[in-house]
Amino acid sequence: MVRRACIVGHPVAHSRSPMIHGHWLAQLGINGAYGREDVTPERFGAFIGELGALGYVGCNVTVPNKEAAFAAALVEDSVGKALKAVNTLWIEDGVLRGMNTDVGGFLASLDAARPDWHRGVAEALVLGAGGAARAIVYALLSRGIRRVSIANRTKERAVEVAALFGSDVAVVDWSDVATAMGAAAVLVNTTSLGMKGQPPLELDLGGLQAGALVTDIVYVPLETGLLRSARLAGHPVVDGLGMLLHQAVPGFERWFGVRPSVTPELRALIEADIVAKGG
Ligand code: ATR
């Protein structure tokens with residue numbers, strides 16, 4: 001029997017997950033399939049309730065359904081429980097289970113690109129306060145970074161995120177980002193600014209610590225304006241594609257029984273698709 005999984009989101013047409021999982025299925029010779037399902041938040045509960053009946057062994061869940069997925073599933077993973085959001089679901093012994101692989105995906109991406117990136121890092125600055133920001137703040141703290149500052153256009157959202165984590169996480173005003181950069185050895189953009197079709201992230205990196213790592217979760221384009229400015233100023237940079245690739249690994253393993261690898265070949269495949277579509 002063909003084992004089937006899918007990405008559930010709204011919108012979902014742009015998702016590269018089918019290409020990633022399709023590559024692994026073909027490469028590993030697995031009799032499986034990975035499709036996409038456009039499901040609105042209103043329909044999400046009903047859809048997930050029928051997941052098994054629809055022939056799926058599990059799915060990925062993306063914006064805007066990750067919190068609803070947490071509510072629908074049995075979540076034993078500490079990351080998913082802390083963030084109250086999961087992006088990976090699977091049916092095991094008839095029970096829908098969930099986990100969050102965004103945190104692990106972010107960390108694995110940085111580890112692969114810049115081993116030891118967190119060694120000696122005392123402070124980090126995160127731009128944005130959406131679901132992705134929560135995962136990134138969690139990830140940074142989990143690596144022993146003592147202080148994480150969050151700056152967001154809408155300050156109240158940054159305050160809400162900081163409240164989840166306690167006194168190690170501070171809020172800075174969006175207008176004070178340039179100043180806050182002086183203390184940060186890691187800078188992460190989790191906003192949608194810089195993404196194709198969105199306004200640019202206009203940031204003067206002049207105040208950033210020498211040698212500070214700059215990373216962006218936006219991966220279309222692969223080199224965002226932020227990453228370009230950082231690279232030209234001599235900072236180490238990590239693009240957002242690695243997080244997308246690495247977050248996919250645990251789900252594939254649950255659904256299809258083999259742990260796949262993030263290879264240069266897979267990266268090149270997705271990069272080529274981004275470029276071909278004008279990213
Ligand atoms: P996700 O859950 O995927 O992180 P989100 O909740 O929509 O997505 O968050 C998008 C982030 O981009 C937010 O931090 C948002 O800031 P607000 O909370 O003020 O909306 C940020 N963002 C989007 N457009 C922006 C803009 N033009 N200027 C500054 N920040 C922006």
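Since the model is a prediction, treat every value here as computed from it, not as a measurement. (Residues numbered from 1 in each chain as written. Predicted model: local features only at pLDDT ≥ 70, side-chain atom pairs only at ≥ 80, totals over all residues. Heavy atoms only, no water.)

(A) Focus on the site of the ligand. Neighbouring the ligand are 14 residues, the closest being Gly131, Asn152, Arg153, Thr154 and Arg157. Take Ala132: an N or O atom from its main chain is 3.3 Å from an oxygen atom of the ligand. Expressed as a share of its isolated accessible area of 650 Å², the protein-covered part of the ligand is 72%. Along the lines of polarity and charge, the residues of the shell around the ligand split into five nonpolar, seven polar and two charged. (Near = heavy atom within 4 Å. Polar contact = N/O pair within 3.5 Å; in protein donor to acceptor, adjacent residues only side chain to side chain. Areas by Shrake-Rupley, 256 points an atom, 1.4 Å probe, with all protein chains shown as cover. Nonpolar A, V, L, I, M, F, W, Y, C, P; charged D, E, K, R; others polar.)

(B) Representation of the packing of helix H6 (residues 131-142) against helix H7 (residues 155-165) in the model. The geometry of H6 relative to H7 is characterised by a closest axis approach of 10 Å and an angle of 35 degrees between their N-to-C directions. Judged by the twist between their axes, the crossing of H6 over H7 is right-handed. On H7, the residues touching Arg134, Val137, Tyr138 and Leu141 of H6 are Glu160, Val161, Leu164 and Phe165. Residue composition of the contact of H6 with H7, by class: six nonpolar, no polar and two charged. (Axes fitted to C-alpha atoms, helices over the stretch in contact; angles between N-to-C directions. Helix = DSSP H or I, 4+ residues; strand = E, 2+ residues; numbered from the N terminus. Left-handed = near helix turned anticlockwise from the far one by under 90°. Contact = heavy atoms within 4.5 Å.)

(C) Layout of the sheet that holds strand E6 (residues 95-99). Pairing in this open sheet of six strands is mixed, and the strands run E2-E1-E3-E5-E6-E4 from one edge to the other. For this open sheet the edge positions go to strand E2 (32-38) and strand E4 (74-75), each flanked by a neighbour on one side alone. Sheet analysis places strand E1 (residues 3-9) next to strand E3 (residues 56-61), joined by five bridges and oriented parallel. Residue pairing across strands places Cys6 opposite Cys59, the latter belonging to E3. (Pairing = 2+ DSSP bridges.)

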